[in-house]
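Listed below, chain by chain, are the residues.
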Amino acid sequence: MSQSNIRIILIILAALVLGGVYLYVYKPNMDDKNSLDSEISTLQAKYDDLKAKEVHRDEYIALTKEYNEKFDDAIAIFPATLDQEISVMFMKGVEKDQGNLKFDINSVGLGKEELFYSLGSGGASADGTASGAYDCYKAAFPISYNGSYEGIKDFVDYIMAYKYRMNITSASIAYDASADVYSGVINLNAYCVTGGDRQADTVTTDVQNGVSNIFLGGSGAATPSSSGASTVSASSNDVKITLNNANGDSNAGVVISAGGSNITYSDNDVATVDVKIEGNTATISLGSDEITVDIADGASSFGIYVNSSARVDSDDTNGVKLNVSNSSDVAVDIKVDGDDSSSPRFTVGSKSGTVRVN
């Protein structure tokens, strides 16, 4: 082979080696370098942004805490579930037969929960399934009722002031003049927000086993008595509520006495009094005023004595609506004396736990 041919072959081999080095060594390394440069640039931008935000760390933490608290407050007016057991007990609790406040539910439809919005996802999913961190449901409850006009108004007031958000979408009222009874259908919507660490409300519907008479036996039930009289009296009580004519000059219209303290109310309208019993403590509140009373260990009942009076004239309109929330094992006994038979000053609003009215 001539020298010129050898030289040509060497040149070709050198070109192949250089090409291989470029394709398989230099070019991959340059691609890796460019990729690293791009990643470094992205990370540097992110670092610079976080570094700038670091200056406002405490401000962001405070704002995050504030917004989380506002969010918790916003969803607190919605329960975590719409369990049918709770719905049934709620409907049972709104029925009344107290003086001129009468409201009886003939039938109610327990609507199925329907997803209508998912917080954090911008809406509900197309197939109607949950898709967000917090999912919003609603259920419709058509209620067939009869009762008094005042009872219907009291029911509407109760729904509007209830601790959880509800709304009445429509209502019909028919009046039977011969029986002085109102009847109709109220369509009620209830809502709930599920998700996060929200806990469902609980309701106790158990009846103690082994009693001989389910109407007179068991925890919290009325004890058999020939007279049915309450042991609560003017001289034996834990709370005394005195109701007089608010337009009189001598006394306040409402006087609440408990634990050596008094709350008075002089406006000529119906005041709302809340009694909350937890453990061995009872809190009685009217507006911003409240009295706290300790319940003796081993006590089986907490007595509320209401000393009312007849109306003086048509301008005498004051009274009390009593709401009782009892989460203790102690029964709340309410004794009412002297109330106006045709237009009572005293009515019982919402109640939970063992509450007995005599």
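Nothing here was measured: the structure is a model prediction, and the numbers come from that model. (Residues numbered from 1 in each chain as written. Predicted model: local features only at pLDDT ≥ 70, side-chain atom pairs only at ≥ 80, totals over all residues. Heavy atoms only, no water.)

Draft legend 1. Focus on the overall build of the protein. When you go through the protein residue by residue, the secondary structure sums to 4 helices and 18 strands. Across the 358 residues in the protein, those meeting the buried criterion constitute 28%. Carbon and sulfur atoms form 51% of the exposed surface of the protein, whose accessible area is close to 21,900 Å². (Helix = DSSP H or I, 4+ residues; strand = E, 2+ residues; numbered from the N terminus. Buried < 20%, exposed > 50% of the residue type's maximum accessible area, 1.4 Å probe, protein only. Areas by Shrake-Rupley, 256 points an atom, 1.4 Å probe, with all protein chains shown as cover.)

Draft legend 2. Expanded view of the sheet that holds strand β12 (residues 281-286). Ordered in space as β13-β12-β11-β15-β17, the 5 strands form an open sheet in which the pairing is mixed. In the strand order of this sheet, the two ends are held by β13 (289-294) and β17 (346-352), each with one partner. Each neighbouring strand pair of the sheet contributes to a mean axis angle of 15°, computed without reference to strand direction. Where strand β11 (residues 270-278) and strand β15 (residues 319-326) come together, 8 bridges link them in parallel fashion. Bridge assignment links Lys 276 to a residue of β15, and that residue is Ser 325. (Pairing = 2+ DSSP bridges. Axes fitted to C-alpha atoms, helices over the stretch in contact; angles between N-to-C directions.)

Draft legend 3. Representation of the pairing of strand β14 (residues 301-307) in the model. Taken across its 7 residues, β14 has 5 buried, putting it largely inside the fold. Across 4 bridges, strand β8 (residues 239-243) lies against β14 in parallel orientation. Of the residues in β14, the one forming a bridge with Thr 242 is Asn 307. Relative to strand β16 (residues 331-337), β14 runs parallel, the two being bridged by 7 bridges. Bridging from a neighbouring strand, Ser 301 pairs with Ala 331 of β16.

Draft legend 4. Quick look at the nonpolar core. If you look at the biggest cluster of nonpolar residues, it comprises 30 residues, and the most contacted ones within it are Ile 256, Phe 302, Ile 304, Leu 322 and Ile 334. Tallying contributions element by element places β11 first for this core, with 4 residues. Not counting the four nearest positions on each side in its chain, Phe 302 is found in contact with Asp 238, Val 239, Ile 277, Ala 282, Val 293, Ile 295, Val 330, Ala 331, Val 332 and Asp 333. Listed in part, the 21 residues of the second largest apolar core include Phe 90, Ala 139, Tyr 145 and Ala 190. (Core = buried A, V, L, I, M, F, W, Y, C linked by side-chain atoms within 4.5 Å. Contact = heavy atoms within 4.5 Å.)

Draft legend 5. A look at the packing of aromatic side chains. Taken as a whole and assessed by the stated rule, the structure comprises 10 aromatic pairs. Between Phe 90 and Tyr 158, the ring centres sit 6.1 Å apart and the planes meet at 25°, which makes this aromatic pair stacked. Placement of Phe 90 in helix α3 (residues 84-94) and of Tyr 158 in helix α4 (residues 149-161) is noted, with a sequence separation of 68 residues between them. The exposure class assigned to Phe 90 is buried, which follows from its relative accessible area of 10%. In this structure Tyr 158 comes out as partly exposed when scored by relative accessible area, which is 22%. Grouped by ring-pair contacts, the aromatic residues Phe 90, Tyr 158, Tyr 162 and Tyr 164 constitute a single cluster. (Phe/Tyr/Trp six-rings, centres within 6.5 Å; stacked < 30°, edge-to-face > 60°.)

Draft legend 6. Spatial organisation of the pattern of salt bridges. Evaluated as defined, the whole model comprises 12 salt bridges. With a shortest N-O distance of 3.1 Å, Lys 70 and Glu 66 are connected by a salt bridge. Residue Lys 70 and its partner Glu 66 are both found in helix α2 (residues 57-75); the two are separated by 4 residues, about one turn of the helix. One network of salt bridges, in which partners are shared, links Lys 96, Asp 154 and Lys 321. (Salt bridge = Lys/Arg side-chain N within 4 Å of Asp/Glu carboxyl O.)

Draft legend 7. Just the sheet that holds strand β10 (residues 261-265), in detail. On the basis of which strands lie adjacent, the open sheet formed by 6 strands has the order β10-β9-β8-β14-β16-β18 and mixed pairing. Strands with a single pairing partner mark the edges of an open sheet, and in this sheet they are β10 and β18 (355-357). Here the strands of the sheet are splayed against their neighbours by 15° on average, with no regard to which way each runs. Pairing of strand β9 (residues 254-258) with β10, which is carried by 5 bridges, proceeds in the antiparallel orientation. From the neighbouring strand, Ala 258 faces β10, where its bridge partner is Ser 261.

Draft legend 8. The state of the cysteines, seen in detail. Tallying each qualifying case throughout the model produces 0 disulfides. With no disulfide of its own, Cys 136 has Cys 192 as its nearest cysteine by sulfur position, at a separation of 8.2 Å. You can call Cys 136 buried: its relative accessible area is 9%. By relative accessible area, which is 1% here, Cys 192 ends up buried. (Disulfide = S-S within 2.5 Å.)

Draft legend 9. Main features of the environment of Gly 298. Tracing the backbone through its elements, the reader meets Gly 298 in the loop between β13 and β14. Overall, Gly 298 belongs to the exposed group, its relative accessible area being 81%. Separated by 32 residues in sequence, Gly 298 and Val 330 place their C-alpha atoms 8.9 Å apart.

Draft legend 10. Molecular detail of the pairing of strand β2 (residues 101-108). Here 3 bridges tie strand β1 (residues 96-98) to β2, and the two strands are oriented antiparallel to one another. Paired with Asp 97 across the two strands is Lys 102, which belongs to β2. Once β1 ends, the chain turns through 2 residues before running back antiparallel as β2, passing Gly 99 with a positive phi of about 60°.

Draft legend 11. Looking closely at unusual backbone geometry. You will see that Asp 180, though not glycine, has its phi angle at about 55°, which is positive. Structurally, Asp 180 is set in the loop between β6 (174-176) and β7 (181-195).

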